[in-house]
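Understanding the architecture of this molecule
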Amino acid sequence: MKEILSGNEAIARGAFEAGVKVASAYPGTPSTEILENIIQYKGIDASWSPNEKVALEVGIGASFGGGRALVTMKHVGVNVAADPLFTLSYTGVNGGLVLVTADDPEMHSSQNEQDNRNYAKFAKVPMLEPADSQECKDFTRLAFAISEQFDTPVMLRTTTRTSHGKSIVALEEPVTGLPAPKLARNAAKFVMLPSNARVRHPFIEERTVKLRQYANTLHVNRMEMRDRSIGVITSGIPYQYVREVLPDASVLKLGMVYPLPDMLIREFAEKVDKLYVVEELDPFIEDQVKAMGIEVIGKAIIPICGELTPGKLRKAFNLPEPEMSEVDTLPGRPPNMCPGCPHRGIFHTLNQLKAYVTGDIGCYTLGFLPPLSAMDTCICMGAGIGNATGITKVLPPEEQQKVVAVIGDSTFLHSGITGLLDMVYNKAPATVIILDNRITAMTGRQENPASGFTLMGEETFEVDLPQLVKALGVKNIRVIDPSDLAESKRVIKEEMERPEPSVVITRRPCVLIKREGVFERGAAVAVDVEVCTGCKACLKLGCPAIVWQEDGKKGKAFIDPQLCTGCSVCEQVCKFIAIGAKK
Amino acid sequence: MSKITNILLVGVGGQGTLLASEILSEALKQAGFDVKKSEIHGMSQRGGSVVSHVRFGKEVHSPIIPEGEADILLGFELLESYRYLPLLKKGGKVVVNDLKINPSIVSTGGGSYPEGLADKIRRSFPDCIVLDGAELAISAGSAKAANTVLIGALSKQLDIDEKFWLAAIEKMVPAKALEINKKAFFLGRNVA
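Residues numbered from 1 in each chain as written. Chains lettered and ligands numbered in written order. Predicted model: local features only at pLDDT ≥ 70, side-chain atom pairs only at ≥ 80, totals over all residues. Heavy atoms only, no water.

1. Here we look at the domain arrangement of chain A
With domains assigned, chain A is organised as domain 1 (2-217), domain 2 (222-316), domain 3 (343-507) and domain 4 (525-581). Taken over C-alpha atoms, the centre of domain 2 of chain A sits 56 Å from the centre of domain 4 of chain A. (Domains from an automatic or database assignment.)

Below is the structure:
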């Protein structure tokens with residue numbers, strides 16, 4: 001049977017076909033849909049973990065118990081999971097373990113574009129890189145076989161184009177006859193204290209040698225001999241661009257990008273006149289080929305920043321480009337917080353209070369954009385709280401007061417708790433705002449430990465954020481409705497002025513939550529054009545529902561009733577009482 | 001190299017551009033072609049510009065259309081259609097929805113929506129088709145079916161049997177909206 005699947009759907013299918021028992025992840029673009037799709041397959045326990053480190057540790061446990069485990073995350077998530085990953089390389093597996101890293105060249109939805117192929121080399125684990133959805137499925141199956149054959153975790157690296165691109169996939173039946181999980185004690189392998197780890201290290205080095213030999217004959221590493229004047233070593237999506245732009249070139253298509261098949265590379269290099277490596281981001285393959293003493297051209301012509309495109313490849317090889325139409329400079333269309341988004345009022349207030357906002361990762365990072373313009377830093381998940389602590393350490397007291405960390409509910413549970421613990425423990429006088437919108441919104445509304453539901457849709461314990469914060473030692477805890485601007489401003493100002501750590505929890509659900517009874521849409525409000533003075537105060541909210549309309553000489557605001565959710569925030573900023581319930 | 005047909009679908013988050021590209025890909029798959037489709041999720045969901053690349057033929061390699069090689073641009077909104085014209089080849093076909101959605105910079109009074117975009121598009125692509133998707137969708141029974149009207153208009157540009165289009169719509173559209181969407185498809189198909 002054939003289906004059109006995205007790379008993420010195909011990985012989920014591949015995991016099902018491979019007999020995966022446990023799948024764990026923290027959502028992150030472009031990886032999120034793997035777990036969202038895996039729940040359709042019976043017999044897989046799939047769950048969102050609070051962060052990627054926990055997700056991998058859950059996967060490791062399942063593997064040690066003898067079940068096959070899939071763990072998925074975005075590229076920067078592997079940074080969070082790196083600690084268990086590097087030692088998992090030492091222990092190896094019992095049931096197969098595959099870690100998917102979904103990289104994001106071009107940073108379509110990320111804070112950096114690190115090339116996670118480097119993790120394979122660094123952690124000494126094999127890595128496969130599919131080039132379309134069929135390979136996403138097939139390589140997932142293959143990765144589990146390699147994992148068990150070589151006693152190693154296997155990384156599967158996708159990029160945004162493979163994760164979200166769709167292509168035709170031939171489905172297969174699931175494997176059968178996998179051993180049933182059961183407890184097996186093997187301390188020498190699974191207890192990594194120095195005496196045991198010292199024994200495991202040589203095993204890893206031998207494993208890499210064996211994997212390199214295996215890679216030389218592995219079917220997913222293949223030579224495609226065509227015109228021999230140009231030979232290109234490539235993998236993943238860049239392979240597709242090479243086939244598109246250089247259809248006559250000979251290609252060594254690598255399905256396994258670590259360890260590299262040394263013999264195969266030498267053989268290919270000898271067969272072609274001029275050798276190139278075409279790869280996105282780092283010269284990962286190129287450097288290794290050069291270290292083998294082989295002359296090769298790579299980053300000398302291929303850009304190191306951003307994702308490749310067929311056009312960029314055409315330029316690199318000095319090929320003719322088609323004539324393209326020119327268009328005038330146009331207004332951009334950046335993403336925006338939704339109409340009725342509970343974050344809007346808070347960022348408006350922070351802007352008014354001239355707070356120095358140490359931000360974090362989520363929809364609320366959009367609070368950086370004008371007209372709200374109320375974010376001053378954003379590094380990684382959970383960083384805002386630690387950043388706030390650090391910055392107060394160097395500032396004079398009057399400036400310390402301005403420091404406010406903002407963090408979403410899911411991000412706080414991901415990696416903000418330890419930061420807040422430090423803020424209390426080391427007495428930093430900053431304010432933390434936890435934007436509790438009842439969901440992990442940015443990645444498309446995933447459940448989390450504060451939402452009361454699991455990935456499988458089951459009801460579960462809902463963490464009590466004020467209690468949690470109290471247990472960390474925070475004395476000043478305020479819970480507010482962020483759509484009440486006056487109250488928000490008063491409370492945040494009070495807490496900013498307080499020379500000790502305090503937490504403000506804003507409670508209002510994301511407008512996109514579909515589960516019944518969580519978000520209730522209110523009646524749309526309207527502008528009374530007779531009263532509106534055209535002062536534009538409401539436009540400073542940046543709400544997509546509020547539209548400026550030129551009306552003769554003077555403009556007036558207009559509210560799109562289709563978009564308005566009735567949050568009333570604009571009503572509160574209008575000094576002339578021109579906005580209110582529709583008459 | 002065998003001929004690959006490249007279709008670019010552009011619009012604004014929330015317009016159903018992605019569902020339209022799903023219907024298109026499914027119809028092409030059912031008609032027996034190799035199909036690849038690429039788009040960016042994530043940030044673009046929040047009211048941003050949405051671009052979906054669909055390519056089909058005997059064997060498709062790149063999931064994204066090489067710059068300047070799109071054969072057809074199916075535009076769900078005027079500004080976005082105009083923005084992506086450079087991706088279209090000379091002599092390519094434009095099918096565009098006669099709809100303006102203000103970007104936030106315009107709706108907040110910080111800029112203006114460019115005038116005369118349909119004419120500008122026509123200047124470079126004289127046989128461009130401009131249709132009112134919303135009006136046709138409303139006459140089919142729901143304004144929400146505008147994306148299916150556009151798929152109908154696109155279908156006239158491709159040599160794919162009607163039965164594959166209908167099968168794709170049946171597969172991708174929820175049962176309760178099926179009749180309206182079929183009607184919308186034919187209204188679009190008859191315009192072009």
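2. Observations regarding the environment of K53 of chain A
Residues and elements named next belong to chain A. With respect to the helices and strands, the residue K53 is situated in helix α3 (residues 52-64). Taking the C-alpha atoms as reference, K53 lies 20 Å from E113; in sequence the two are 60 residues apart. Discounting chain neighbours no more than four positions away, the residues touching K53 are V80, A81, D83 and P84. Looking at K53, its side chain comes within polar contact range of the side chain of E57, at 2.7 Å. (Helix = DSSP H or I, 4+ residues; strand = E, 2+ residues; numbered from the N terminus. Contact = heavy atoms within 4.5 Å. Polar contact = N/O pair within 3.5 Å; in protein donor to acceptor, adjacent residues only side chain to side chain.)

3. Here we look at the interface of chain B and chain A
Listed as interface residues are 53 residues of chain B and, on the opposing side, 54 residues of chain A. Interface area for chain B against chain A, summed over the two sides, is near 4,600 Å², with a carbon-plus-sulfur share of 57%. Linking K120 of chain B and D328 of chain A is a salt bridge whose minimum nitrogen-to-oxygen distance equals 2.5 Å. The interface formed by chain B and chain A contains 19 residue pairs in polar contact (both at pLDDT 80 or more). When contributions to the side of chain B that touches chain A are tallied by element, the ones reaching two or more residues are α1 (17-30), β2 (34-39), β3 (49-57), α2 (78-83), β5 (88-97) and α3 (104-107) of chain B. Top element by residues in the side of chain B that touches chain A is β2 of chain B. It accounts for six residues. Sheet topology places strand β8 (residues 166-170) of chain A next to β2 of chain B; two bridges connect them, and they run antiparallel. (Buried area = accessible area lost by both parts, 1.4 Å probe. Salt bridge = Lys/Arg side-chain N within 4 Å of Asp/Glu carboxyl O. Pairing = 2+ DSSP bridges.)

4. Regarding the nonpolar core
All names here are of chain A. Core analysis: the largest hydrophobic core is formed by 44 residues, its most contacted members being F347, L350, V406, F412 and L420. Elements that contribute at least two residues to this core include exactly α14 (343-352), α15 (383-394), β15 (403-408), α17 (409-425), β16 (431-436), α18 (465-471), α19 (485-497) and β18 (502-507). Aside from chain neighbours lying at most four places away, what touches V406 is F347, L350, V357, T358, G359, D360, Y364, M375, I433 and L435. If you look at the next biggest cluster of nonpolar residues, it comprises 41 residues, including A69, L88, L252 and V296. (Core = buried A, V, L, I, M, F, W, Y, C linked by side-chain atoms within 4.5 Å. Buried < 20%, exposed > 50% of the residue type's maximum accessible area, 1.4 Å probe, protein only.)

5. What to know about the pattern of salt bridges
Pairing is possible between side chains that carry opposite charge, provided their charged atoms lie close to one another. Applying the stated rule across the entire model yields 57 salt bridges over all chains. A salt bridge links R333 of chain A to E80 of chain B, with the nearest nitrogen and oxygen atoms 2.5 Å apart. On the criterion of chain membership, the pair formed by R333 of chain A in the loop between α13 (310-316) and α14 and E80 of chain B in helix α2 is interchain, its members lying in two chains. Each of the two residues, R333 of chain A as well as E80 of chain B, counts as buried. K37 of chain B serves as the salt-bridge partner of E22 of chain B, at 3.1 Å between the closest nitrogen and oxygen. Of this pair, E22 of chain B sits in helix α1 while K37 of chain B sits in strand β2; the two residues are 15 residues apart in sequence, bridging distant segments of the chain. Per residue, the accessibility class of E22 of chain B equals that of K37 of chain B, and both read buried. A network of salt bridges, in which partner residues are shared, links R13, E17, K137, D138, R141 and E172 of chain A.

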